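Results of the structural survey
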Amino acid sequence: MFVTAAIAILVTMALVLVRALLGPTVYDRILAANMFGTKTVILMALIAFLADRPDFLDLALTYALINFIGVLAVLEFFQHRVQSHSDTADKSGESR
Amino acid sequence: MTLVFGTFLLSMMVLVAIAIVREHNLFVAVMLSAIFSLLMATNLFLLDAADVALTEAAIGAGISTVLALGALALTAEAEQRHRPKYRWLSIAIMVLALVALLYSTQDNPRIGDPEAPVHQHVAPWYLEQTPILIDIPNVVTAVLGSFRGYDTFGEVLVILTAGIGVLFLLSAGRNDLLPNPRRIPDNTIRLRQHTIPHVIGKLLAPFIILFGLYVQFHGEYGPGGGFQAGALIAAGVILYGLVEGERPSLALVPPNLLYGLSLGGVLLYGGVGIASMLLGGNFLDYSVLMTDPIAGQHWGLLLIELGVGMTVTGVLLSIYHAFAARDPH
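Residues numbered from 1 in each chain as written. Chains lettered and ligands numbered in written order. Predicted model: local features only at pLDDT ≥ 70, side-chain atom pairs only at ≥ 80, totals over all residues. Heavy atoms only, no water.

Some details on unusual backbone geometry
Residues and elements named next belong to chain B.
- The phi dihedral of Asp48 falls on the positive side, at around 70°, and the residue is not glycine.
- When you line up the elements, Asp48 lands in the loop between helix 2 (26-46) and helix 3 (50-73).
- Phi at Leu284 is positive, roughly 65°, even though this residue is not glycine.
- With respect to the helices and strands, the residue Leu284 is situated in the loop between helix 11 (255-278) and helix 12 (293-324).
- A relative accessible area of 5% means that Leu284 is categorised as buried. (Helix = DSSP H or I, 4+ residues; strand = E, 2+ residues; numbered from the N terminus. Buried < 20%, exposed > 50% of the residue type's maximum accessible area, 1.4 Å probe, protein only.)

What follows is the structure, given as structure tokens:
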């Protein structure tokens, strides 16, 4: 049963990868990267049970935590970009 | 089963690698490299290299993405297009290298072959002697910390050197390596104004640091150790910096503490080596630290892993702040 589930996850990963490679917008890729992280966590948990090493679940936990930081970094990046763009727009508006 | 999964994951990695090379939008390239890193870590996990997979997860997928985005915030979003002159020549050289690599893989032993040269050399000795000499379940930690402690000391020095290099590069034209937290303008509207990321981020940060401490001190029994723990603790503080802003984060862990951590870790590692020399052993031979050689090994491993963790935390956080505190204008 674990094998079937693992193969299903691999297929989902391939589908997500198609979205990440084709895009077309940047947001598709952010979502794809995020979803890929989630699938990786599940795949690791499944492999840990397949290989009968439940102690490796530590790793899946790390992935889940780290993935969240990556997503927040992306949000912060866009916020920063939007803000600095509006700042420069304001400045150029004043100088005119 | 491992073979099928491995082939599938490796083929996906090749696709992602080609896409990264061909991509001109740098932000998309960063996203793809995060996926690449996740695939790499899964592969390492499949090959039972849990310690390496943990490092790849914490550094490759997590902190590298944050640092790459920090660098991207200082530069333009799209790569400049240019046509290289000797395009066909470079493609020909690459194809030649590929053929040579493929040819040489013919001689490689199968995955997990017990007759492979790597399993005939020192690995059986390590597996045999670890329970007798060091008595810890995780052989990787024993090899990394004790049998090959000298190499690991070199790696920690390399990390420190890299950190010093990045700090000097990014602080060019300024008097201080990292800015004083009081002098950072607090006008940036970070993620603080969005309630859900703010609250969840603040709630998660202490647990990530706690998990980092668990990985630090549990390295002798499960996957983990100083490198992974340092990366996780740094990731926890970076999360705090992302949701709270650069100034509170740098005030929480001030630059002097970061320098102290980076240098103190290396000094602690080297100090253990010197102490074992003074007690009559070789450099980094922990057996002489205590009257019982095995207890000495345990203490030595604990101390040097702590040193590694301190240096990695200090250097990664310094690099993050060097990017985040820099004014792009």
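Having seen it, we continue.
Re the interface of chain A and chain B
- Tallying the contact residues gives 46 residues for chain A and 57 residues for chain B.
- Both faces considered, chain A and chain B share a buried interface measuring about 4700 Å² in area, 81% of it formed by carbon and sulfur atoms.
- At the boundary of chain A with chain B, the tally comes to 1 salt bridge.
- A salt bridge links A:Arg29 to B:Glu23, with the shortest nitrogen-to-oxygen separation between them at 3.8 Å.
- Where chain A meets chain B, there are 1 residue pair in polar contact (both at pLDDT 80 or more).
- Secondary-structure elements contributing two or more residues to the side of chain A that touches chain B are helix 1 (2-22), helix 2 (26-50) and helix 3 (57-95) of chain A.
- Per-element accounting of the side of chain A that touches chain B gives the leading share, 22 residues, to helix 3 of chain A.
- Broken down by class, the residue content of the side of chain A that touches chain B amounts to 33 nonpolar, 8 polar and 5 charged. (Contact = heavy atoms within 4.5 Å. Buried area = accessible area lost by both parts, 1.4 Å probe. Salt bridge = Lys/Arg side-chain N within 4 Å of Asp/Glu carboxyl O. Polar contact = N/O pair within 3.5 Å; in protein donor to acceptor, adjacent residues only side chain to side chain. Nonpolar A, V, L, I, M, F, W, Y, C, P; charged D, E, K, R; others polar.)

Some remarks on the pattern of salt bridges
All names here are of chain B.
- In the structure shown here, the tally under the stated rule is 3 salt bridges over all chains.
- The salt bridge partner of Lys202 is Glu244, with a shortest N-O separation of 3.6 Å. Linking Lys202 in helix 8 (residues 195-217) with Glu244 in helix 9 (residues 226-244), this pair joins segments that are 42 residues apart in sequence.
- By relative accessible area, which is 42% here, Lys202 ends up partly exposed.

Let's talk about a nonpolar patch on the surface
Residues and elements named next belong to chain B.
- A cluster of nonpolar residues, Phe207, Leu210, Leu213, Phe217, Met290, Trp299 and Leu302, forms a patch on the protein surface that exposes about 680 Å² of accessible area.
- Counting residues per element, the ones that place at least two in the nonpolar patch are helix 8 and helix 12.
- Here the nonpolar patch takes 4 residues from helix 8, the largest share from any one element.
- Structurally, the position occupied by Trp299 is in helix 12. (Patch = residues over 30% accessible without salt bridge, like charges linked within 9 Å, V, L, I, M, F, W, Y side chains within 5 Å. Areas by Shrake-Rupley, 256 points an atom, 1.4 Å probe, with all protein chains shown as cover.)

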